[in-house]
Amino acid sequence: MTEGKRPALTIIAMTIAALLSKVLGLIRQMLIASSLGGSIYATAFSVASKLPLAIYDMFFAAAIVSCFIPFYNRKKNESLAQASRFSSVFFSFALIVTLVVSIIGSVFSRFIIGIYAPSITNEAADIAGRMLSIMFPSMLFAAGTFTLAGILQSHDSFILPSAVSCISNAALIIYLLTQNKIDSENQVVVLSVVYTVSWIIQFITLCIPLIKKHLMPKPTFRIELKLLSELKTMVWLVMISSWMTPAASLLSTFFSSFVSDVTVAAFDYSLSIFTIASGLTTFGILNYIFPKLSSSADTDESAFRNTSSKSMQWSLILSLPIAIILYFCSQEIIEILYMRGSFDNELALICSSALKLLAISIPAFVYKETMVKILFSKKDAKLPAITAGIGVFAFILSGLVTNIFNKMGIEGVALSFCISQYACAISLFLLTLRQKSVLFSEKTFSQSLIPLAVSVVPIVTVALLNEIITDALGERALLTNIVHCVILSAIILCLYIGILFLFRNRIKCLKKEADTVE
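The structure reproduced in this document is the subject of the present report. Only a predicted model underlies this, so the values are computations on that prediction, with no experimental measurement involved.

Remarks on the packing of aromatic side chains
- Applying the stated criterion across every chain, the model contains 16 aromatic pairs.
- Their ring planes at 65° and their centres at 5.6 Å tell us that Y269 and F343 sit as a pair that is edge-to-face. Within this pair, whereas Y269 is found in helix α13 (residues 261-296), its partner F343 is found in the loop between α15 (330-338) and α16 (345-360), the two being separated by 74 residues in sequence. Here Y269 matches F343 in class, with each residue buried.
- Judged by centre distance (6.3 Å) and plane angle (85°), the ring pair of F395 and F417 falls under edge-to-face. Separated by 22 residues along the polypeptide, F395 in helix α18 (residues 382-405) and F417 in helix α19 (residues 410-431) bring together distant segments of the chain.
- Taking the relative accessible area as the measure of exposure, F395 reaches 0% and is therefore buried.
- F417 gets classed as buried once you look at its relative accessible area, which sits at 4%.
- Ring pairs connect the aromatic residues F254, F255, F258, F267, F274, F365, F395 and F417, which therefore count as one cluster.

This is how it looks when you write it as structure tokens:
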């Protein structure tokens, strides 16, 4: 029996694979923090590892996920031969472009570091440049990996594409476990080699089943642009609409470099926790709603409005308690995850100050991601592209104010990140108001204010009790940090869920199905 005939089991397996990848990613980051701490090598690795995949995400990832896969499926429905021809042309085009970019990036890596992280020390920049020249080719294999994953998914093979990212994390984890401390340039260069090799292994892993199924795209230098011309209408808007997240990552490094080398690494450690927390929230919502939204967008307007209304409300309901917990437990979470090896108390304090502000931006991030999927379902890539541009502009403007002129340190970088997320989310809200009757059910927005109001109670309660609990637990240690997080999380969740339960009949997504039928 194929995966396509077992949808429930497949979804469960995909979810487990995604969670495993997140767990391995967290373990990898914990080991990096332990091995590198706030050293110059941590700065170099943070700078070099971000750039290739951020460029890939900005210019290629959206084209593959949002354009290649739908068009490949359309061709497949016509004939497998046409789909194979299309995949070969797209695959070859993607590899050629990323190969050229990788070569240019590797040759001019030191110059690129000077633009991307202009104020880190020369020693850190030199090491980062050497690492970047090794890591740039990972973009080539990322493009190949995600294209092959799209082909497998189009042929009802979902589990391997969902699990393949575990390979890169596992490879880095194995290497880091062999190194108690990374305190030499040679060690960190080897780390960059392992990073690139892990992408090669991912690519080969997906090649094997495609070769066996005779679905592997055949590389060709005859790029028939007419086969790609169908993509050009939407691909640019989709590409720009995906810029917010990778651009925020790159801009955070740019502005962190004006503070100090340590700030670059510290912000990266904090951003990893934010990414995992917000990613788990959006994964659950978006993987559930996107197929429903796509299938009902043109066929059942009532069902579409019902699903999008619930999705938007769930994005707020689930993200608010996570944001509150992360805000009040920021220092304890940082110490629990990272406080070992080369990671010291001073670095923990720097990271926790950034994480507090990043936590505030989680509801905006989750709302933004949900709204983008809703608009994509309606084949509207224009508004997400506009709002992504607004978010990037807001980051640049606030970064100049908080870091170049006012010298606010890592808090300034985190504040700029937070402002950019809310600028993007608020602009999405305002620009979709005219379409609210098409996109959402009646009273969706007014009902969404209830979770915001409810969240005030746990915020005020924990703000009053936090210091008392801290004093009662005494000296900070791993066990007391865990207990502190458990107590605060329990208080926040009990108050939040309890009060929300009282208002369940006033919020569309919490009502019984029979009560929500229009």
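Don't stop here, the text continues.
Some points on the pattern of salt bridges
- Applying the stated criterion across every chain, the model contains six salt bridges.
- As a salt-bridge pair, D268 and K50 come within 3.7 Å of each other at their nearest N and O atoms. On the criterion of sequence distance, the pair formed by D268 in helix α13 and K50 in helix α2 (residues 40-78) is long-range, its members being 218 residues apart. Like K50, D268 is buried.
- Residues joined in a network through salt bridges with shared partners are E332, E335 and R476.

Rules used in this analysis
Residues numbered from 1 in each chain as written. Predicted model: local features only at pLDDT ≥ 70, side-chain atom pairs only at ≥ 80, totals over all residues. Heavy atoms only, no water. Phe/Tyr/Trp six-rings, centres within 6.5 Å; stacked < 30°, edge-to-face > 60°. Helix = DSSP H or I, 4+ residues; strand = E, 2+ residues; numbered from the N terminus. Buried < 20%, exposed > 50% of the residue type's maximum accessible area, 1.4 Å probe, protein only. Salt bridge = Lys/Arg side-chain N within 4 Å of Asp/Glu carboxyl O.

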